[in-house]
Amino acid sequence: MTHVDATAALPSLHDLLDPRHQADPYPLYSRWRARTPLARLDERLMVLTRYDDCAAVLRDGRFGHPEADDPRFAARDRPSLNVLVDDDGRPVRGFLGLNPPDHTRMRALVSQAFTRRRVEALAPRIAQLTEELCTAMERAPGPVDLIEGLATPLPVAVISELLGIPTADRHRMLTWSHAVARALVPDFLLPPGAARQEAQARREFTDYLRDLVVERRRAPGDDLLSALVTVHDDGDALTENELLATCTLLLIAGHETTVNLIGNGTLALLRHPDQLARLRDDPDLTDNAVEELLRYDSPVQLTVRYALKNAEVAGVTVPAGTTLLLLIGAANRDPAAYGRPERLDIGRTPPRHLAFGQGIHFCLGAPLARLETQIALRTLLARAPRLRLAGEPEWKDHITLRGLSRLPLRLG
């Protein structure tokens, strides 16, 4: 049976929130994983740091997402800030926050519209946008910021075009995405006021989308929003609120995580010049390199599951009603799962990781994030063979989505 040391002084949730660990949280994760791999912080909260434990919870149907009116989790929910509600006043969530059979139904409908073929068809346009953004960075005098010049505008343009958002409104998408991304932070880790800011941004975004939905119902196009409006299965279809919740989820998944993946991945390569040279010399390694970059510095550092029934993890009893904080960033550097996990190795085989989750909630947008990052890295390294850092990177203040706010580079 696994020993759970509930008395260990460090690390703690306070450490996770400490800005001093923002630039490099991995030594903290390593200490926690070695000292208390399953840490019970109180009667209702556990933190998991090992690969096998996190993967097991992600695949186990006894762990999921509670209903908003479940009294076992009421203290950790914020139902008063729900923006979308049904006729009975119950919150309407994207399928990421649902359990079967609701999750199964809703994801099946969305999957009919958001297909791999639709994603693959975006490749030429993603390549064109990347070339244009690289050209603009090359023309800039002095150092450039990769986050401002490429990592942010590329996913914003792609998700906007995918959903049929007019070019003139993309700056609003960026503002909404930053705020709505706070929805991925467990409410007990949010700073004061952040939940209301997130709810306000979600409200503005859904109001904007309602008008677009009306237009797509009247005159469907070839964008994803039109496909979601018209998708159906044996007479079933997404309700308007389900459609809006899905688009909100796609906004976060299609933008924030990809920005972080491009930025984190580029920085990791620059800090490992041997791997950068290896990738530059052999671009065929790009797909494998992206998987290793996802493992090495995951854009999503943690996720939450709730024990809906009594269960066990690695021999430890987990009573129903327990909240489990899964440290994906720690699991992806677990020495029990990877040889020399602190080393970046773009040829690692197989580069399995939990960056996109596992089980029924595996990220639906994973193919799009991979495709954008693969094209961005290939193009950037081909056009900037002397790419190098031009200053200290700066990190966003976000405990769940790990990413850079600034990455100064010299292209040549």
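Residues numbered from 1 in each chain as written. Predicted model: local features only at pLDDT ≥ 70, side-chain atom pairs only at ≥ 80, totals over all residues. Heavy atoms only, no water.

### Quick word on the overall build of the protein
Now for step 1: Each helix and strand counted, the protein has 16 helices and 14 strands in total.
Now for step 2: Computed over C-alpha atoms, the radius of gyration of the protein comes to 21 Å, within 12% of the 22 Å expected from 2.2 N^0.38 for 412 residues, which places it in the range of a compact globule.
Now for step 3: The principal-axis extents of the C-alpha atoms in the protein amount to approximately 55 × 55 × 40 Å.
Now for step 4: Looking at the protein residue by residue over its 412 residues, the buried ones come to 56%.
Now for step 5: The averaged location of the 55 negative side-chain charges in the protein is 4 Å from the averaged location of its 51 positive side-chain charges. (Helix = DSSP H or I, 4+ residues; strand = E, 2+ residues; numbered from the N terminus. Rg over C-alpha atoms; globule rule 2.2 N^0.38 Å. Buried < 20%, exposed > 50% of the residue type's maximum accessible area, 1.4 Å probe, protein only. Lys, Arg positive; Asp, Glu negative; His and termini not counted. Charge placed at Lys NZ, Arg CZ, Asp CG, Glu CD.)

### Observations concerning the state of the cysteines
Now for step 1: Under the criterion given, the structure shown has zero disulfides.
Now for step 2: A disulfide-free cysteine, Cys54 has its sulfur positioned 17 Å from the sulfur of Cys363, the nearest such atom.
Now for step 3: Here Cys247 stays unpaired: no disulfide links it, and the sulfur of Cys363, its closest cysteine neighbor, is 15 Å away.
Now for step 4: The class for Cys247 is buried, based on a relative accessible area of 1%. (Disulfide = S-S within 2.5 Å.)

### Concerning the nonpolar core
Generally speaking, a soluble globular protein has its nonpolar side chains buried in company with each other.
Now for step 1: One finds Phe114, Leu154 and Leu228 to be the most contacted residues of the largest nonpolar core, which totals 91 residues.
Now for step 2: Top contributing element to this core by residue count: helix 12 (residues 240-270), with 15 residues.
Now for step 3: Discounting residues that sit within four places of it in the chain, Leu228 has contacts with Val110, Ala113, Leu238, Leu243, Thr246, Cys247 and Leu250. (Core = buried A, V, L, I, M, F, W, Y, C linked by side-chain atoms within 4.5 Å. Contact = heavy atoms within 4.5 Å.)

### What about the pattern of salt bridges?
For side chains bearing opposite charge, pairing can occur when the charged atoms are close.
Now for step 1: Taken as a whole and assessed by the stated rule, the structure comprises 23 salt bridges.
Now for step 2: Residue Asp207 is joined to Arg210 by a salt bridge in which the shortest nitrogen-to-oxygen separation is 3.9 Å. In this pair, Asp207 and Arg210 are both assigned in helix 10 (residues 194-218), three residues apart and thus about one turn of the helix distant.
Now for step 3: The exposure class assigned to Asp207 is partly exposed, which follows from its relative accessible area of 41%.
Now for step 4: The exposure class of Arg210 is partly exposed, given its relative accessible area of 28%.
Now for step 5: Salt bridges linked by common partners bring Arg105, Asp236 and Glu242 together as one network. (Salt bridge = Lys/Arg side-chain N within 4 Å of Asp/Glu carboxyl O.)

### Some words on helix 10
Now for step 1: Here helix 10 spans 36 Å end to end across 25 residues, near enough to the 36 Å set by a 1.5 Å rise per residue.
Now for step 2: Those residues of helix 10 that sit buried are Ala194, Ala195, Glu198, Ala199, Ala201, Phe205, Thr206, Tyr208, Leu209, Leu212, Val213 and Arg216.
Now for step 3: The secondary structure elements touched by the buried residues of helix 10 are helix 8 (153-163), helix 9 (170-180), helix 11 (224-230) and helix 12. (Expected span 1.5 Å × (residues − 1).)

### Quick notes on the pairing of strand 10 (residues 323-327)
Now for step 1: Counting buried positions along strand 10 yields five of five residues, so the element is predominantly enclosed.
Now for step 2: Every second residue of strand 10 is oriented toward a common face, with Thr323, Leu325 and Leu327 on one face and Leu324 and Leu326 on the other, all of them buried.
Now for step 3: As paired elements, strand 2 (residues 45-48) and strand 10 share four bridges and run parallel to each other. The residue bridging Leu45 from the neighbouring strand is Thr323, located in strand 10.
Now for step 4: Strand direction decides the pairing type here: strand 7 (residues 302-307) and strand 10, joined by five bridges, are antiparallel. (Pairing = 2+ DSSP bridges.)

### Digging into the sheet that holds strand 2
Now for step 1: Within the open sheet, the five strands sit side by side as 1-2-10-7-3. Their pairing is mixed. Sheet topology places strand 1 (38-42) and strand 3 (63-64) at the edges, where each strand pairs with a single neighbour.
Now for step 2: Looking at chain direction, strand 1 and strand 2 are connected through four bridges and run antiparallel. Bridge pairing links Ala39 to Val47 in strand 2.
Now for step 3: Sheet strands in contact with helix 3 (residues 51-59) are strand 1, strand 2, strand 3, strand 7 and strand 10, and its direction is about 130° off that of strand 10. (Axes fitted to C-alpha atoms, helices over the stretch in contact; angles between N-to-C directions.)

### Structural notes on unusual backbone geometry
Now for step 1: Cis geometry is found at the peptide bond from Pro100 to Pro101, where omega equals 5°.
Now for step 2: Relative to the helices and strands, Pro101 is located in the loop between strand 3 and helix 4 (102-113).
Now for step 3: The backbone phi angle of Ala314 is positive, close to 50°, even though this residue is not glycine.
Now for step 4: Within the secondary structure, Ala314 sits in the loop between strand 8 (311-313) and strand 9 (316-318).
Now for step 5: Owing to a relative accessible area of 35%, Ala314 belongs among the partly exposed residues under this scheme.
Now for step 6: The backbone phi angle of Arg340 is positive, close to 50°, even though this residue is not glycine.

### Section: the layout of surface pockets
Now for step 1: Size it by volume and the second largest pocket reaches roughly 320 Å³.
Now for step 2: Looking at the second largest pocket, it is lined by 22 residues, and the ones nearest its centre are Leu16, Gln22, Asp397, His398 and Ile399.
Now for step 3: Taken together, the residues of the lining of the second largest pocket sort by class into twelve nonpolar, five polar and five charged. (1 Å grid on protein atoms, 1.4 Å probe; cavity = no way out; pocket = protein on both sides within 12 Å on 5 of 7 lines; lining within 4 Å. Points joined across faces, edges and corners; volume = space filled by probe spheres on them. Nonpolar A, V, L, I, M, F, W, Y, C, P; charged D, E, K, R; others polar.)

### Things to note about empty space enclosed by the protein
Now for step 1: In the structure shown here, the tally under the stated rule is two cavities of 30 Å³ or more.
Now for step 2: Quantified by volume, the second largest cavity comes out at close to 50 Å³.
Now for step 3: Along the walls of the second largest cavity sit Phe114, Ile159, Leu162, Leu250, Ala253, Gly254, Thr258, Gly365, Leu368 and Ala369, which together make up its complete lining.
Now for step 4: Elements that contribute at least two residues to the lining of the second largest cavity include exactly helix 8, helix 12 and helix 16 (366-383).
Now for step 5: Among the elements that make up the lining of the second largest cavity, the one with the highest residue count is helix 12 (four residues).
Now for step 6: Residue classes in the lining of the second largest cavity are distributed as seven nonpolar, three polar and no charged.

Read these as spatial facts, not as claims about activity.
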